Amino acid sequence: SDCPLVTTKSQVTPLNPVSVTRLEFTTAVSSTKIRAFLEKELKYGNVAEFFWTSCKDVLGYNSNAARRFHTFVANTVQATRDHSLS
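*Asks:* Lay out the nonpolar core with the relevant residues and their values.
*Replies:* Residues Phe25, Ala28, Cys55, Val58, Phe69, Val73 and Val77 constitute the largest nonpolar core, which totals seven residues. Of all the elements in the fold, those that place two or more residues in this core are helix 1 (20–42) and helix 3 (71–83). Ignoring sequence-local partners within four residues, the contact set of Val77 consists of Phe25, Tyr61 and Asn62.

Structure, rendered in structure tokens:
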């Protein structure tokens, strides 16, 4: 089966020290926003979509609904949930 490249996005890590977890959260938000954009623009039907990350922090925070988070984490988790299908 074919898998064409539809869009790409790259970001440069800031000069100031930033944790890998924070970068992974930012990437999760970017990927879900791109997914929402592509769905709107391409108007494709019911297609299976997968988001991959190896960062256990991102996976844990996104699956946790009962806990309050710090502002950055809360905002990124909410943005990820807003733009994803699940």
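*Asks:* So what about the packing of helix 1 against helix 3? Which residues, and what values?
*Replies:* Running from N to C, helix 1 and helix 3 cross one another at 25 degrees; their axes reach a closest spacing of 8 Å. Relative to helix 3, the element helix 1 lies roughly parallel. In the crossing of helix 1 with helix 3, the sense of the turn from one axis to the other is left-handed. Along the contact surface, helix 1 presents Arg22, Phe25, Thr26, Ala28, Val29, Thr32, Lys33, Arg35 and Ala36, while helix 3 presents Phe72, Val73, Thr76, Val77, Ala79, Thr80 and His83.

Procedures and definitions
Residues numbered from 1 in each chain as written. Predicted model: local features only at pLDDT ≥ 70, side-chain atom pairs only at ≥ 80, totals over all residues. Heavy atoms only, no water. Core = buried A, V, L, I, M, F, W, Y, C linked by side-chain atoms within 4.5 Å. Buried < 20%, exposed > 50% of the residue type's maximum accessible area, 1.4 Å probe, protein only. Helix = DSSP H or I, 4+ residues; strand = E, 2+ residues; numbered from the N terminus. Contact = heavy atoms within 4.5 Å. Axes fitted to C-alpha atoms, helices over the stretch in contact; angles between N-to-C directions. Parallel < 35°, antiparallel > 145°, perpendicular 65-115°, else oblique. Left-handed = near helix turned anticlockwise from the far one by under 90°.

Spatial relationships are all this shows, so hold off on functional conclusions.
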